[in-house]
Amino acid sequence: MKHYKNRRRQFLEEWEQSDISNDYIFSKVMAQPQLCLQLIKAALPQLKIKRVYVRSQDGLSANVDAKDVRLDISAYGEGGEMFDIEMQTIRPKYLMQRILYYHSTMITERLYPRESYGEIPKTYVIFICLFDWYRLGNSFYEVNLVPNGVNELKFEDGFVSLILNPYGDMTGCSEELQDFFDLVAGRPAGRTDFVREVKYAVKLAKRRNDWRDRYMLVKDWVQDRVDYAVEQNTIAVTATMQEKFAQQLIKKAMSTEQDYDSLRADLIDFFDENFADKMLTKYYK
């Protein structure tokens with residue numbers, strides 16, 4: 001019981017300290033159409049759009065046999081445009097493949113049999129990362145297809161992929177996006193109306209007991225599975241079984257986007273520091 005209470009206290013502290021960079025908070029706040037629209041326009045000021053329809057933590061699947069995708073924010077523009085906006089807290093192994101799959105899944109959902117390829121909607125995938133994916137020192141990357149050897153020609157395919165982060169050179173970014181980057185990074189922010197509204201929405205979200213309880217329920221569920229697995233592996237566990245168990249914990253943590261430091265601390269609690277670091281080096285990609 002004491003362990004359970006300590007665990008709940010830990011989750012509550014995480015909730016109280018969370019901000020817009022927490023993907024759960026992000027999905028709740030940006031589910032508000034006016035804030036989602038302002039974020040889209042901050043990232044894509046050239047886009048002429050006046051209204052969006054939003055679904056948060058939306059599940060998409062191209063067909064019954066396809067891999068399901070869980071989108072933080074799925075939005076539809078008044079002109080048929082489709083948007084996926086993600087808050088990415090850890091560096092994934094296959095980011096570009098995920099972006100491609102998100103584009104294809106959104107298209108498949110909206111393109112019906114016997115429709116022309118010309119009916120394919122424009123799709124926008126925007127990843128807001130807490131790291132510089134390309135490690136080039138920029139905050140804004142637009143990924144395009146270009147003909148081989150002719151970099152100045154952009155392939156107009158209707159797919160827009162943005163990989164953003166708040167830690168690089170923001171030259172060319174809108175004032176609203178720069179202000180939002182400061183908020184995500186924990187720097188002083190609130191120069192624009194948009195970010196002031198986001199900060200207020202975050203404050204209101206954290207007052208929602210039902211959202212807090214849901215957040216803690218999910219965390220509890222994951223931790224219960226971990227505790228059960230530990231209990232089943234406490235007696236005469238071989239090195240091979242230990243490694244397999246550690247691999248499962250790391251895989252679960254990556255799927256739930258648990259941050260690296262928290263995962264490392266959990267592994268150290270279960271095993272020891274040297275083994276934890278060895279497993280993270282081998283399996284945390």
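Please refer to the structure placed before this passage.
The following paragraphs examine the structure supplied in this document.

What counts and what doesn't
- Residues numbered from 1 in each chain as written.
- Predicted model: local features only at pLDDT ≥ 70, side-chain atom pairs only at ≥ 80, totals over all residues.
- Heavy atoms only, no water.
- Helix = DSSP H or I, 4+ residues; strand = E, 2+ residues; numbered from the N terminus.
- Buried < 20%, exposed > 50% of the residue type's maximum accessible area, 1.4 Å probe, protein only.
- Contact = heavy atoms within 4.5 Å.
- Areas by Shrake-Rupley, 256 points an atom, 1.4 Å probe, with all protein chains shown as cover.
- Salt bridge = Lys/Arg side-chain N within 4 Å of Asp/Glu carboxyl O.
- Axes fitted to C-alpha atoms, helices over the stretch in contact; angles between N-to-C directions.
- Parallel < 35°, antiparallel > 145°, perpendicular 65-115°, else oblique.
- Left-handed = near helix turned anticlockwise from the far one by under 90°.
- Nonpolar A, V, L, I, M, F, W, Y, C, P; charged D, E, K, R; others polar.
- Phe/Tyr/Trp six-rings, centres within 6.5 Å; stacked < 30°, edge-to-face > 60°.
- Lys NZ or Arg CZ within 6 Å of the ring centre and 35° of its normal.
- Core = buried A, V, L, I, M, F, W, Y, C linked by side-chain atoms within 4.5 Å.

The next thing to look at is the overall build of the chain. Along the backbone of the chain there are 10 helices and six strands. For the chain, the proportion of its 285 residues judged to be buried stands at 41%. Sequence separation of at least 24 residues holds for 60% of the intrachain contacts in the chain that already meet a minimum separation of 6. In the form shown here, the chain has an accessible surface area of approximately 16,400 Å², with 51% of it arising from carbon and sulfur atoms.

Oppositely charged side chains are able to pair whenever their charged atoms sit close together. A complete count under the given rule lists eight salt bridges for this structure. Between Arg196 and Asp193 there is a salt bridge, with its nearest N and O atoms 2.3 Å apart. Placement of the pair is Arg196 and Asp193 together in helix α6 (residues 193-205), with a separation of three residues, close to one helical turn. We classify Arg196 as partly exposed; its relative accessible area is 42%. On the basis of relative accessibility, which here comes to 52%, the residue Asp193 falls in the exposed class.

Another aspect to go through is the packing of helix α9 (residues 260-270) against helix α10 (residues 273-283). It is the contact of α9 with α10, at a shortest axis distance of 8 Å, that shows an interaxial angle of 135°. Judged by the angle between their axes, α9 and α10 are oblique. The two elements α9 and α10 cross, and the hand of that crossing is right-handed. Between α9, through Tyr260, Leu263, Arg264, Leu267 and Ile268, and α10, the contact on the second element is made entirely by Glu273, Ala276, Asp277 and Leu280. Looking at the contact of α9 with α10, its residues break down into six nonpolar, no polar and three charged.

Right, let's talk about the packing of aromatic side chains for a bit. Evaluated as defined, the whole model comprises nine aromatic pairs. With a centroid separation of 5.3 Å and 45° between ring planes, the pair formed by Trp15 and Tyr215 is classed as tilted. Of this pair, Trp15 sits in helix α1 (residues 2-17) while Tyr215 sits in helix α7 (residues 209-232), and the two are 200 residues apart along the sequence. For Tyr215, a relative accessible area of 11% translates into the label buried. Centroid distance Tyr102 to Phe127: 6.1 Å. Interplanar angle 15°. Geometry classified as stacked. In this pair, Tyr102 is assigned in helix α4 (residues 95-110) and Phe127 in strand β4 (residues 123-129), connecting sequence segments 25 residues apart. Members of the aromatic cluster, each reached through a chain of ring pairs, are Trp15, Tyr24 and Tyr215. Over the ring of Trp211 we find Arg208; its NZ or CZ atom is 4.0 Å from the centre of that ring.

Below, the discussion takes up the nonpolar core. Soluble globular proteins: nonpolar side chains tend toward being buried together. If you look at the biggest cluster of nonpolar residues, it comprises 47 residues, and the most contacted ones within it are Phe26, Val29, Met30, Phe180 and Val198. Per-element accounting of this core gives the leading share, seven residues, to helix α3 (residues 33-43). Ignoring anything within four residues of it in the chain, the contact list for Met30 reads Leu35, Cys36, Leu39, Val54, Ile73, Phe180, Phe194 and Val198. Core analysis: the next-biggest nonpolar cluster, separate from the first, contains 15 residues, Ala246, Leu263, Phe271 and Tyr283 among them.

A few words on the environment of Glu142. Tracing the chain through its elements places Glu142 in strand β5 (residues 140-143). For Glu142, a relative accessible area of 33% corresponds to the partly exposed category. Between the C-alpha atoms of Glu142 and Leu162, which are 20 residues apart in sequence, the distance is 4.6 Å.

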